[in-house]
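Residues per chain are reported as follows:
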Amino acid sequence: MAPRPELAGTDASKAQENQVMSDRAMNNSKGEAVPVGNQLELLPAYSTIALAAEPEPEFDPWSLPELQNTGVKWSELDAKGKILRVTKGFGKFILLLVLLYFFVCALDVLSSGFQLVGGKAAGDIFKEGSVLSNPLAGVVIGILVTVMVQSSSTSSSIIVSMVSSSILSVRHGIPIMMGANIGTSVTNTVVALMQAGDRNQFRRAFAGAVIHDFFNWLSVAVLLPIEVATHYLYHLTNVIMNSFQLESGEDAPQLLKVITDPLTKLIIQLDKSVISAIATGDEEAKNKSLVLIWCETKTDVDPMNVTIPPWENCTSPDLCWKDGNLTWTIRNISTTEYIKKCNHIFVDSGLSETAIGLILLALSLLCLCVCLILIVKLLNSVLQGQVANIIKKTFNTDFPYPFAWLTGYMAMLVGAFMTFVVQSSSVFTSAITPLVGIGVISIERAYPLTLGSNIGTTTTAILAAMASPGNKLKASLQIALCHFFFNVSGILLWYPIPYTRIPIHLAKVLGNITAKYRWFAIFYLFVAFLVIPVGIFGLSVAGWEYLVGVGVPILLLFFAVIIINVLQKKRPEKLPEKLRNWDYLPLWMRSLDPWDDVVVSTGAACEKYCCKCCKRRGGEQMASVAPGKAMEVHENPVSLADEKNAFSKTPQATEMKQPDLSTTPL
């Protein structure tokens, strides 16, 4: 069969090309014939492995670690092994519940310790009415008082008492409530410091803790000026209060307190009404003790005859009479009968409130550290293999499309419900902080859980306000609703649109910094919750002129640095050549490395000094002990002979064992 024309032409052209190439190969550059053996020239070899191999992905410090199960598989266990594994798992679960119980009790005792140390000072701070009229000073006071008493519920109750007593208006109480929202986030930040041993765990734990701080700070920075300009929170809650006929109800439910009170009341009991009384201007409350001594008292009111000044002070002529030069009347006199003392360890200690507070602070912090370390280790041993995968999928998996956007809001509901159960946002956020650290919960999932916790703690305050008497109900409930709508407004600002979830990015930046420079975590706590609030409070007391004159230039410089940093990364061509980087600044102004060297060298010097002291003490102890031991040994003649023989043999042995330095790496 004849070939197709196009194929025939192709074969002919290929044959012609091959002939030309062979002719060229047979001749060298000079046209001379080349032997056949020299015609086979090997071309350089190129490996295709580099082309086929994929580049290794960069390590992401924020990715959740894989918790591998190194034990025997369930299918490979016999009946005895399965029973033993189930028993161990149940025992670990019970131990975890016990540790969580002591963890929550330690947080409660920590709050009591802070109230004993700074509770009366917090009440005195709230008395400064002229300062409270300044909204910025009100925010700072809310921060400082909540940090001092370690309880936003306590500071909220003080605000409610002052509002209901007409010492503080609702409008002036709103900024203080905002500050209390910031101050309550310091507890879980302190808890995150306990995981500083592992850099990656500390990175995630600290970021999961400060995400609460950044949300509160950013919400106050945006909503406080809006509230000062429009009073939208006040008007919104006022409309709600006027729309409903409210009656005072029963006490707020005590869910977690029922479990923790039996232990914490054996340690300490406080009379929290003293702080509120000091804040409302009761001078006699300063002489009262915060430590509750008598738990059961009885007050009787009896009419008694008493003398009064002249007759004009008598309220009714029927109740007054004269006896010589004295004017008598009948008045109701209350007498208190002390029936039963409280049953806690400090009831008859005789120590001052500050001393008791410091003791409780030290013990509660120690208990927190021990419980947190044990909880983390226990979770690391439990959350392995299939259990870890199930929990990770439960917490971190989104709903299927198109309902994936609902996952975060469901997490908010979970956070609000759990906070309502434990009745403390500090307890809930402090409990999830170690879970974020070991990698069970991601930062992205911890964010909506924390926002839900903010909502949950306001619902507890609303229920507590509903239990107020009729004359205090409106003011207390309005303040609680202001707290609720403030957190809702913050969520609307920083969550629905993914691009606006700035607290997540800021928390990751700070987490990276603290993972590299661990001392920066303590520096952050010191500056964010003490230096800045105290500085703003001092300038507010000095006057608006000082606050504006110092604060405005600092804020302008801060925002200018942020804008320049963003432009350096996104649009460097828009900046002058000198501002495209910070190399023209000294190293200590643009890097933490010099400060890290100072901290490390200071720590090394302190450690060296402590070691010298320990060695000096150890040498003194050895010097005091060695002569006695030598006298005891030398009293034995056999030991003396053995010692002489040993001394006579020692030089020879050392000569035999002396290495040849010429053959060593040295």
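Analysis parameters
- Residues numbered from 1 in each chain as written.
- Predicted model: local features only at pLDDT ≥ 70, side-chain atom pairs only at ≥ 80, totals over all residues.
- Heavy atoms only, no water.
- Helix = DSSP H or I, 4+ residues; strand = E, 2+ residues; numbered from the N terminus.
- Buried < 20%, exposed > 50% of the residue type's maximum accessible area, 1.4 Å probe, protein only.
- Contact = heavy atoms within 4.5 Å.
- Areas by Shrake-Rupley, 256 points an atom, 1.4 Å probe, with all protein chains shown as cover.
- Polar contact = N/O pair within 3.5 Å; in protein donor to acceptor, adjacent residues only side chain to side chain.
- pLDDT = per-residue confidence, 0-100.
- Lys, Arg positive; Asp, Glu negative; His and termini not counted.
- Salt bridge = Lys/Arg side-chain N within 4 Å of Asp/Glu carboxyl O.
- Disulfide = S-S within 2.5 Å.
- Patch = residues over 30% accessible without salt bridge, like charges linked within 9 Å, V, L, I, M, F, W, Y side chains within 5 Å.
- Expected span 1.5 Å × (residues − 1).
- Phe/Tyr/Trp six-rings, centres within 6.5 Å; stacked < 30°, edge-to-face > 60°.
- Lys NZ or Arg CZ within 6 Å of the ring centre and 35° of its normal.
- Core = buried A, V, L, I, M, F, W, Y, C linked by side-chain atoms within 4.5 Å.
- Axes fitted to C-alpha atoms, helices over the stretch in contact; angles between N-to-C directions.
- Parallel < 35°, antiparallel > 145°, perpendicular 65-115°, else oblique.
- Nonpolar A, V, L, I, M, F, W, Y, C, P; charged D, E, K, R; others polar.

**What to know about the overall build of the protein**
Piece 1. The helix and strand inventory of the protein stands at 24 helices and three strands.
Piece 2. Looking at the 666 residues of the protein, the share that counts as buried comes to 35%.
Piece 3. Here the analysis covers contacts within the protein between residues at least 6 apart in sequence; of these, 75% occur between residues at least 24 apart.
Piece 4. For the protein, the accessible area works out to roughly 40400 Å², and carbon and sulfur atoms hold 64% of it.

**Quick notes on the side chain of Thr450**
Piece 1. Inspection of the secondary structure puts Thr450 in helix α17 (residues 443-466).
Piece 2. Relative accessible area serves as the criterion here: at 3%, Thr450 is assigned to the buried category.
Piece 3. Polar side-chain contacts of Thr450 include one of 2.8 Å to the backbone oxygen of Ala446.
Piece 4. If we skip the residues at most four places from it in the chain, Thr450 touches Ile211, His212, Thr429 and Ile432.

**Observations regarding the confidence of the model for the protein**
Piece 1. Scored by pLDDT, the protein has a mean of 75; 69% of the residues are at 70 or more.
Piece 2. Confidence, read as mean pLDDT per element, is least for helix α24 (residues 637-657) in the protein (41) and greatest for helix α19 (residues 502-516) (92).
Piece 3. Every residue in residues 24-34 is under pLDDT 50, and counting partners more than four places away or in other chains gives 11 contacts.
Piece 4. Taken as a whole, residues 46-54 scores under 50 in pLDDT and shows zero contacts with residues more than four places along the chain or in a different chain.

**What to know about the environment of Asp261**
Piece 1. Structurally, Asp261 can be placed in helix α11 (residues 257-267).
Piece 2. In this structure the C-alpha to C-alpha distance between Asp261 and Asp108, which are 153 residues apart in sequence, comes to 9.3 Å.

**Here's the deal with the side chain of Glu227**
Piece 1. Structurally, Glu227 can be placed in helix α9 (residues 199-230).
Piece 2. Put simply, Glu227 is tucked away with no salt bridge, and the nearest opposite charge, on Arg171, sits 6.7 Å away.
Piece 3. A polar contact of 3.3 Å, which involves the side chain of Glu227, links it to the backbone nitrogen of Tyr232.
Piece 4. In this structure, Glu227 is in contact with Ile174, Met178, Tyr232, Leu233 and Tyr234, ignoring residues within four places of it in sequence.

**Regarding unusual backbone geometry**
Piece 1. Unlike most non-glycine residues, His231 shows phi in positive territory, near 55°.
Piece 2. Turning to its location among the elements, His231 is positioned in the loop between α9 and α10 (232-243).
Piece 3. What makes His231 partly exposed here is its relative accessible area of 23%.

**Let's talk about the state of the cysteines**
Piece 1. Per the stated rule, a full pass over the model turns up one disulfide.
Piece 2. Two residues share a disulfide in this structure: Cys295 and Cys342, whose sulfurs sit 1.8 Å from each other. What sets the handedness of the Cys295 and Cys342 disulfide is the S-S torsion sign, and at about 115° it is right-handed. One end of the pair, Cys295, is in strand β1 (residues 294-308); the other, Cys342, is in the loop between β3 (326-341) and α13 (353-382), and 47 residues separate them in sequence.
Piece 3. Cys367 provides the cysteine sulfur closest to Cys105, a residue in no disulfide bond, and the two sulfurs are 8.1 Å apart.

**Description of the pattern of salt bridges**
Piece 1. Applying the stated rule across the entire model yields two salt bridges.
Piece 2. Salt-bridge contacts for Lys508 lead to Glu444; the nearest nitrogen and oxygen are separated by 2.8 Å. Residue Lys508 is found in helix α19, and its partner Glu444 is found in helix α17; the two are separated by 64 residues along the sequence.

**Examining a nonpolar patch on the surface**
Piece 1. A contiguous nonpolar surface patch, about 890 Å² in accessible area, is contributed by Phe399, Phe403, Trp405, Leu406, Met410, Leu413, Val414, Phe417 and Met418.
Piece 2. Note that Val414 resides in helix α15 (residues 406-422).
Piece 3. Taking relative accessible area as the criterion, Val414 reaches 40% and is therefore assigned partly exposed.

**Some thoughts on α19**
Piece 1. Here α19 is 15 residues long and its end C-alpha atoms lie 22 Å apart, about the 21 Å a rise of 1.5 Å per residue gives.
Piece 2. Taken residue by residue, α19 has Pro503, Ile504, Ala507, Lys508, Leu510, Gly511, Thr514 and Ala515 as its buried positions.

**Notes on the packing of aromatic side chains**
Working definition: an aromatic ring pair is given by the centre-to-centre distance plus the angle between the planes.
Piece 1. The tally for this structure, following the rule as stated, stands at 14 aromatic pairs.
Piece 2. Ring geometry for Tyr101 versus Phe102: centroids 5.7 Å apart, planes at 75°, classification edge-to-face.
Piece 3. Accessibility expressed as a relative area gives 37% for Phe102, which makes it partly exposed.
Piece 4. Taken together, a centroid distance of 6.3 Å and an interplanar angle of 80° make the contact between Trp588 and Trp595 edge-to-face.
Piece 5. Three or more aromatic residues link up through ring pairs in this structure, and these residues are Phe202, Phe206, Tyr524 and Phe529.
Piece 6. Arg501 extends its terminal NZ or CZ atom over the ring of Tyr495, reaching a point 4.1 Å from the ring centre.
Piece 7. Positioned above the aromatic ring of Tyr584, the side-chain terminus of Lys578 is 5.5 Å from the ring centre.

**Quick look at the environment of Leu530**
Piece 1. Relative to the helices and strands, Leu530 is located in helix α20 (residues 519-542).
Piece 2. Linking Leu530 and Val140, residues 390 residues apart in sequence, is a C-alpha distance of 9.7 Å.

**Quick word on the environment of Ala515**
Piece 1. If you trace the backbone, Ala515 turns up in helix α19.
Piece 2. When neighbours within four sequence positions are excluded, Ala515 is seen to be in contact with Arg199 and Arg203.

**A few points about the nonpolar core**
Soluble globular proteins tend to bury their nonpolar side chains together.
Piece 1. Ranked by size, the top nonpolar core spans 71 residues in total, and within it Phe103, Phe206, Tyr447 and Phe529 carry the most contacts.
Piece 2. Tallying contributions element by element places α9 first for this core, with 12 residues.
Piece 3. Residue contacts for Phe103: discarding those within four places in its chain leaves Val191, Leu368, Cys371, Leu372, Ile375, Ser430 and Ala431.
Piece 4. Among the nonpolar cores identified, the runner-up in size contains 25 residues, and Leu116, Val163, Ile176 and Ile356 belong to it.

**Some thoughts on the packing of helix α7 (residues 170-183) against α9**
Piece 1. The geometry of α7 relative to α9 is characterised by a closest axis approach of 10 Å and an angle of 175° between their N-to-C directions. By the angle class used here, α7 and α9 are roughly antiparallel. Listed contacts from α9 to Ile174, Pro175, Met178, Asn181 and Ile182 of α7 are Asn216, Trp217, Val220, Leu223, Leu224 and Glu227.
Piece 2. Looking at side-chain class alone, the contact of α7 with α9 contains eight nonpolar, two polar and one charged residues.

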